[in-house]
Amino acid sequence: MRIWGGLFTLVTVLMISGPVWATGTADHTADHTAKVHIDPAKSTLTVHDVIAFDGGGEMQFSLSPDFTIDSAKLDGRAIDVQRDVETMTVKVGRQGRHQLELSYRSIGTSMLGLEGGFVGANWLAQPLDTLATWSIEGRIPMGQSFVMPGRLIDETPTDDHYVAHFENRTPSAPPVLITGPFEISEKMHGQVRIRTYFHKELAPLAQTYLEDTARYIGYYTGKVGPYPYPGFSIVSGPAPVGWGLPGMTYMGRKVLALPFIRYTSLPHEVLHNWWGNAVEVDYAGGNWAEGLTTYQADHAMAAAAKTGGGGEKRLEWLRNYAALPKERDLALTGFRSKTHDASQVVGYGKTAFVFHMLKTQLGAKVFDKALQRFNRDNTSKVAGWPKIQAAFEAESGQKLGSFFSAWIDRPGAPELNIIEAKTNDTRVTLVLEQKQTGAPYPLSLAIDIKTEPGTERHTAHMRTKWQSFTFTTKAKATALHVDPDTDVFRRLSSGEAPPILRDVSLDPKTHLQAFGSLAMRSQARELATSLLQARLRLLALDDAKTLIIAGPREMVRAHLARADLPPAPEKIAQRGDARAWTARTKAGQTILVVEAQSLAGMAGLTRVLPHYKRRSYVIMENGKTVDKGTWAPQSTALKIKF
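Peer 1: Honestly, helix H8 (residues 385-396) in this entry has me stumped. Any pointers?
Peer 2: Helical periodicity: at 3.6 residues per turn, an α-helix aligns residues three or four positions apart in one direction. If you check H8, its first and last C-alpha atoms are 16 Å apart, about what twelve residues at 1.5 Å a residue would give, namely 16 Å. Within H8, the full set of buried residues consists of Trp385, Ile388, Ala391, Phe392, Glu393 and Ser396. On the buried face of H8, the contacting elements are helix H6 (341-362), helix H7 (364-378) and helix H9 (401-408). One or two residues past the end of H8 sits Gly397, with phi positive at roughly 70°.

Next comes the structure, spelled out in structure tokens:
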């Protein structure tokens, strides 16, 4: 289950994933036959459920504390059950197959409302450490409808109720229940039922969402394998949040209205039905699904959007990683879910980049076949990095242990430096160094050598910390560029990585200097807290590696001049009524300058800056973002002119 929050104004919707349900196996499955009555106006949910399960002795079932049990029968006999917050205990007796019949209800739950409801998976009484199958029929007053994971068997709108029946025979996590005043639209893509459950104002967008979803399902069916569920539903909700679920995605209605969502988060969510849902993640060994989905969805969409788009996306990941303090780095085996920016930089960006390096090294054809094998062998199973490695080794015929050990099992990245580059007419000698602490990374580096007739592509396979290479060209060499297409994950040098907001947000020692009225300074503290995703620590100025300077324009610029700090860049100095920009001081300190003409302007920056952490500057006018961008790098460390 993937969760993301916030009203997004950036191009890529960030997803947070993690294990949210108790895990089980297909050998331990509970089957539900349930009838549900939902009344959003009264915030009530009434359930009658017959649960068939295997077990014995004293067993625990998960059940939300919002529910009161009216009656319980075990194998036809009335019983008492014990409640303990989110669990209930049933004395089952002999080991074997049993049937538990329960009637229970929830009154006044905050999870239901007329504008929409989302009832978590613990609304069904489920034996702990098991998976579920189900056949669930629900009723809800007319004007409302509901949806849950599973195959839609039938639906019957009547004069006073909407009735629908959902069924799932594949052992899965228990289903959530989503309600709302939906207008339902549908498109069949082969045997796959695609639906939108949209609030009224979103209904005009339904057709384009259906068509785009069908296109993505068709594309990933060809890339990965058969679509693993009977349908895919896009469901709108009242809050600006999102959940990824088997066969559906749930998004805030304001998010769904944003024009770029169909090209960013929608393909990401469709692909998650293969990676993370049908093939579940072995979280104990690291979450591979977010990075793989990011690579095959976000990166693929960027590459398709324009020439060089894929390279720009990879450079963005490297810039994010350059902003990550080394003490906050972690191995891919240590990534579970996006809990903060640091984990996102590694678990999404670096993981996606590792898959790109596999594709570059093995070729697109082998890469696709390996993922198809991985999907085929592990659908409806839990899988980790070792199974990914096995699939790539089987399709490539290569031993990839050193690659996976270097990139998956250890934190960090290579730091590349050209020690020497010289040419003697058509003979080029290149000496490369990996400067990082620890063992060398196995690198396959593209080397572009420019000659008078044109550019020649060569390859350097680097396996040691210091290595010399010799290339013969067809004509006199005039320049050389290592990794020209940004195909290798590495730590950029300071000149290659211009300051971005993430330099500040990832540093736990960021210091705030706020100016202006008490209200303006209070708003500046709120902005800093929002950027850092943590309470602002009060630190001495000398201890701060990064600095936020915030307040009214006149006060901020006067302080910059007094402290001999970089002034406002000419490019943005006079634009908008609120702006923020990053800079580096002569001493190498990164600063984020935030200035506004009014308290409302500072509040606007507080709202939007957390969504632009990969940028160097943001300009606002009358509460709207009018421009944003990233400073150009000051140098290219891996480029030489002869």
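Peer 1: Even after reading the chapter, I still don't get the sheet that holds strand E23 (residues 416-424), so can you show me in this structure?
Peer 2: Neighbouring strands of a sheet are bound in pairs by backbone hydrogen bonds; such pairs are parallel or else antiparallel. The antiparallel open sheet is built from three strands, whose spatial order is E23-E24-E27. The sheet terminates laterally at E23 and strand E27 (466-472), the two strands that pair on one side only. Averaged over all neighbouring strand pairs, the angle between strand axes comes to 15°, with direction disregarded. Of the pairings in the sheet, the one linking E23 to strand E24 (residues 427-434) comprises eight bridges and is antiparallel in character. Bridge pairing links Thr423 to Val428 in E24.

Peer 1: Is there a simple way to explain the sheet that holds strand E35 (residues 639-641) in this structure?
Peer 2: Read across the open sheet, the four strands follow the order E26-E25-E28-E35; overall the sheet is antiparallel. Each edge of the open sheet carries a strand with a single partner, namely strand E26 (455-462) and E35. Along the sheet, successive strands turn relative to each other by an average axial angle of 20°, direction set aside. Bridging between strand E28 (residues 477-482) and E35 involves three bridges; their strand directions are antiparallel. Along E35, the bridge assignment pairs His481 with Lys639.

Peer 1: Looking at this structure, how should I read the packing of aromatic side chains?
Peer 2: Geometry of an aromatic ring pair is reported as the spacing of the ring centres plus the angle between the planes. Enumeration over the complete set of coordinates arrives at 30 aromatic pairs. With a centroid separation of 6.0 Å and 70° between ring planes, the pair formed by Phe335 and Tyr348 is classed as edge-to-face. Here the residue Phe335 occupies a position in the loop between helix H5 (309-322) and H6, and Tyr348 occupies one in helix H6, the gap between them amounting to 13 residues. Just as Phe335 is buried, Tyr348 falls in that class too. Members of the aromatic cluster, each reached through a chain of ring pairs, are Trp317, Tyr321, Phe353, Phe355, Trp385, Phe403, Phe404, Trp407, Tyr441 and Phe489. Positioned over the ring face of Tyr209 is Arg262, at 6.0 Å from the centre of the ring.

Peer 1: Would you mind going over H6 with me for this structure?
Peer 2: The end-to-end C-alpha distance of H6, which contains 22 residues, comes to 31 Å, matching closely the 32 Å that a straight helix rising 1.5 Å per residue would cover. Among the 22 residues of H6, 19 are classified as buried, and the element is accordingly described as predominantly covered. Looking one or two places after H6, you find Gly363, whose phi comes out positive at around 100°.

Peer 1: Looking at this structure, how should I read unusual backbone geometry?
Peer 2: Trans is the prevailing form of peptide bonds, just as negative phi is the prevailing case for residues other than glycine. If you check the backbone angles, Asp75 has positive phi at about 50° while not being a glycine. By secondary structure assignment, the location of Asp75 is in the loop between strand E5 (67-74) and strand E6 (77-78). The phi dihedral of Asp129 is positive, around 60°, even though this residue is not glycine. Relative to the elements of secondary structure, Asp129 occurs in the loop between strand E10 (126-127) and strand E11 (131-141).

Reading the values: the criteria
Residues numbered from 1 in each chain as written. Predicted model: local features only at pLDDT ≥ 70, side-chain atom pairs only at ≥ 80, totals over all residues. Heavy atoms only, no water. Helix = DSSP H or I, 4+ residues; strand = E, 2+ residues; numbered from the N terminus. Expected span 1.5 Å × (residues − 1). Buried < 20%, exposed > 50% of the residue type's maximum accessible area, 1.4 Å probe, protein only. Contact = heavy atoms within 4.5 Å. Pairing = 2+ DSSP bridges. Axes fitted to C-alpha atoms, helices over the stretch in contact; angles between N-to-C directions. Phe/Tyr/Trp six-rings, centres within 6.5 Å; stacked < 30°, edge-to-face > 60°. Lys NZ or Arg CZ within 6 Å of the ring centre and 35° of its normal.

Worth remembering: the numbers are spatial, not functional.
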